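Secondary and tertiary structure notes
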Amino acid sequence: MSRPTDTIAALATPVGTSAIAVVRVSGPDCASLAQGLFGPVPLPPRVARHTDYRNLQGAVLDDVLATFYQAPRSYTGEDSLEIALHGNPFIAQSILNDLLARGIRLAEAGEFTQRAFLCGKMDLSQAEAVMDLIHARSERALAAANQQLRGSLGRHLSELTEGLLLVLARIEAYIDFPDEDLPAEDRRIVVKELDTVLHGTARLLATHHYGELLRDGIKTVIIGEPNAGKSSLLNRLIGRDRALVSPEPGTTRDFIEERIILGPHCLRLIDTAGLNPSPAALEKLGMDKTLERAAEADLFLWVLDATRPIPALPDSVSSRLTPANTLVLLNKADLLAESTPLPFTALPSLSISALTGDGITSLGDHITRLADAFRFDQGDEIIAINARHADALRRATECLNTARDKVANSGPTELLASDLRGALDAFGEIAGKIDNERMLDHLFKTFCIGK
Ligand code: GDP
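Let us look at the structure shown here. (Residues numbered from 1 in each chain as written. Predicted model: local features only at pLDDT ≥ 70, side-chain atom pairs only at ≥ 80, totals over all residues. Heavy atoms only, no water.)

Observations concerning the site of the ligand
Taken together, the neighbourhood of the ligand is formed by 18 residues, with N227, K230, S231, S232 and D334 sitting nearest. One nitrogen or oxygen atom from the main chain of A228 is found 3.2 Å from an oxygen atom belonging to the ligand. S232 places a polar side-chain atom, nitrogen or oxygen, 2.6 Å from an oxygen atom of the ligand. Contact with the protein chains covers 88% of the free accessible surface of the ligand, which is 580 Å². (Near = heavy atom within 4 Å. Polar contact = N/O pair within 3.5 Å; in protein donor to acceptor, adjacent residues only side chain to side chain. Areas by Shrake-Rupley, 256 points an atom, 1.4 Å probe, with all protein chains shown as cover.)

Encoded structure:
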């Protein structure tokens with residue numbers, strides 16, 4: 001993709017009434033634009049100037065703070081201008097209209113970050129981290145995005161790439177002399193080196209699920225028989241009445257899903273239809289959906305009615321429950337005259353009352369501890385790759401495995417090199433070193449306007 005030659009502008013803050021809004025401009029015309037708007041004295045780079053904004057007709061639109069950034073020391077790497085105005089959508093629109101009248105074009109979604117990437121200010125994984133940063137919902141997600149923005153994933157990939165280049169160099173010496181075959185000793189070394197790269201790739205791939213948990217929230221499914229108090233618990237945890245609470249069993253047939261922040265984590269709490277051993281037809285439909293949700297849950301909150309016998313769970317659910325992903329909640333503790341022993345020893349359990357709120361703080365601490373264990377660190381860094389990275393790493397793994405088989409089985413050396421290059425290309429895609437215009441366009445379009 002070639003470097004852009006035009007100048008773009010967009011509102012970088014949400015549309016609405018606020019103290020301040022920011023219009024951002026980037027491209028080669030910024031210096032002359034700043035001179036035309038705020039001259040005759042040029043704006044010194046990186047110094048905010050308090051000034052009037054006058055449109056082409058000379059009318060004052062607002063009293064603004066204008067800052068000029070000289071290339072390459074700007075977010076995009078191009079000359080840029082930031083205009084902080086009063087947060088009135090009408091003023092913002094008037095300023096944008098005036099900029100258009102001066103020959104500036106409206107930016108598309110993600111175009112500023114795309115330019116930063118094209119100017120070499122960041123690699124693709126860092127550009128994606130900007131998005132993650134904007135959308136981070138929890139302390140952990142924020143920490144992971146910040147580390148990725150500072151190049152953590154890029155550094156891990158460079159290590160893998162370097163390891164692979166070493167193998168390639170070793171092999172290429174033999175490609176130039178087709179009569180000579182790779183000696184057995186060298187084959188052993190190559191296999192070992194490939195194993196190191198494969199191992200590193202697998203470690204990065206293993207962070208994909210953690211990436212999903214960070215970006216989407218930890219899927220926490222509330223299960224239990226009808227009337228156990230699942231909806232009451234959801235309402236209690238989110239702090240308001242969201243789910244219908246009714247003394248009539250089977251009232252939650254559709255799913256209610258809410259995100260909550262618990263300590264450093266973001267949870268996607270999902271209330272499900274009760275698991276009834278002998279359901280009515282409509283209830284059965286709800287139960288099937290519960291089973292589907294349970295199949296993909298990260299955490300289970302199994303709510304029991306403390307006044308009733310413990311119900312059996314369908315096998316497909318009970319087989320998924322482990323001490324690492326389940327909390328058994330003995331609800332309606334307020335109805336018991338004295339505390340009863342907790343029902344399970346194999347699964348962590350807790351006595352609560354969704355009605356009075358008793359035990360809910362302790363429940364929060366328990367959930368936080370379980371969620372803490374999902375953390376996936378590489379040394380002191382949090383790595384959490386996204387679906388695009390995972391796809392590239394899977395392709396790299398395939399190429400590496402094929403190459404490894406060929407070396408181990410004395411296959412021809414030239415073919416080996418093409419597999420290794422396939423893996424290198426896949427690594428390169430993650431950082432954006434491989435030019436793929438469609439992928440880049442698609443990726444940046446998922447950003448917001450003004451970013
Ligand atoms: P669900 O069917 O599992 O979602 O259960 P609900 O949350 O709708 O609750 C069923 C009934 O149990 C309602 O009448 C709630 O008020 C009541 N309930 C829920 N939790 C408690 C609790 O901790 N103590 C008492 N006494 N009643 C509760």
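Thoughts on the nonpolar core
Of all hydrophobic cores here, the largest spans 34 residues; its most connected members are L164, L194, L393, L400, L420 and F427. Of all the secondary-structure elements, those providing two or more residues to this core are α6 (152-175), α7 (184-205), α13 (387-408) and α14 (413-431). Setting aside anything within four residues of it in sequence, one finds L400 in contact with L164, L194, V197, L198, T201, L420, A423 and F427. In terms of nonpolar packing, the next biggest core, distinct from the first, is built from 32 residues, A144, L234, L269 and L363 among them. (Core = buried A, V, L, I, M, F, W, Y, C linked by side-chain atoms within 4.5 Å. Buried < 20%, exposed > 50% of the residue type's maximum accessible area, 1.4 Å probe, protein only. Helix = DSSP H or I, 4+ residues; strand = E, 2+ residues; numbered from the N terminus. Contact = heavy atoms within 4.5 Å.)

A few points about the pattern of salt bridges
Taken as a whole, this structure holds 19 salt bridges when the rule is applied. Here R24 ties to E82 by a salt bridge, and the two come within 3.9 Å at their closest N and O atoms. Within this pair, whereas R24 is found in strand β2 (residues 18-26), its partner E82 is found in strand β5 (residues 80-87), the two being separated by 58 residues in sequence. What makes E82 partly exposed here is its relative accessible area of 26%. Measuring nitrogen to oxygen at the nearest pair gives 3.1 Å for the salt bridge that ties K332 to D305. Placement of the pair is K332 in the loop between β11 (326-331) and β12 (349-351) and D305 in strand β10 (residues 299-305), with a sequence separation of 27 residues. In this structure K332 comes out as partly exposed when scored by relative accessible area, which is 21%. Among the charged side chains, a network of salt bridges with common partners joins D6, E78, R105, E111 and R115. (Salt bridge = Lys/Arg side-chain N within 4 Å of Asp/Glu carboxyl O.)

Some words on empty space enclosed by the protein
Under the definition given, this model contains one cavity of 30 Å³ or more. Roughly 70 Å³ of volume is contained in the largest cavity. If you go around the largest cavity, the residues you meet are S138, Y210, L213, L214, I218, H265, C266, A371 and F374. Of all the secondary structure elements, the ones that give two or more residues to the lining of the largest cavity are α8 (208-216) and β9 (265-271). Here the lining of the largest cavity takes three residues from α8, the largest share from any one element. Grouping the amino acids of the lining of the largest cavity by side-chain chemistry returns seven nonpolar, two polar and no charged. (1 Å grid on protein atoms, 1.4 Å probe; cavity = no way out; pocket = protein on both sides within 12 Å on 5 of 7 lines; lining within 4 Å. Points joined across faces, edges and corners; volume = space filled by probe spheres on them. Nonpolar A, V, L, I, M, F, W, Y, C, P; charged D, E, K, R; others polar.)

A closer look at the pairing of strand β3 (residues 49-54)
One ladder, built from six bridges, connects β3 with strand β4 (residues 60-69); its direction is antiparallel. Across the sheet, the residue bridging to T51 is V64, located in β4. Two successive antiparallel strands, β3 and β4, enclose a turn made up of five residues, where G58 displays a positive phi of approximately 95°. (Pairing = 2+ DSSP bridges.)

Comments concerning helix α3 (residues 111-118)
The buried fraction of α3 is high, at eight of eight residues. Buried within α3 we find E111, F112, T113, Q114, R115, A116, F117 and L118.

As for unusual backbone geometry
The step from G39 to P40 runs through a cis peptide bond, and the omega angle for that step is 5°. Counting through the fold element by element, P40 comes out in the loop between α1 (30-38) and β3. Here the phi dihedral of N227 falls at roughly 75°; this positive angle occurs in a residue that is not glycine. A residue is classified by how much of its surface remains accessible, and N227, at 30% relative accessible area, is partly exposed. Within the chain, K332 stands out as a residue other than glycine whose phi angle is a positive 65°.

Digging into the sheet that holds β4
Hydrogen bonds between backbone groups are what pair the strands of a sheet, and the pairing can be parallel or antiparallel. Pairing in this open sheet of six strands is mixed, and the strands run β3-β4-β5-β2-β1-β6 from one edge to the other. Across the chains shown, the open sheet's two edge strands, defined by having one partner strand only, are β3 and β6 (105-106). Bridge count between β2 and β5: eight bridges; the pairing is antiparallel. Bridge pairing links V23 to I83 in β5. Contacts from helix α2 (residues 89-101) reach β1 (8-11), β2, β3, β4, β5 and β6, with the element oriented near 65° to β4. Here α3 sits on the sheet and contacts β1, β2 and β6; the angle it forms with β1, its principal contact strand, is near 135°. (Axes fitted to C-alpha atoms, helices over the stretch in contact; angles between N-to-C directions.)

A few points about α1
Among all positions in α1, only C30, L33, A34, L37 and F38 are buried. With its buried residues spanning 100° around the axis, α1 presents them on a single face. Turned more than 90 degrees away from the buried face of α1 sit S32 and G36, all of them exposed. Elements in contact with the buried residues of α1: β2, β3, β4, β5 and α2. (Arc of directions from axis to C-beta.)

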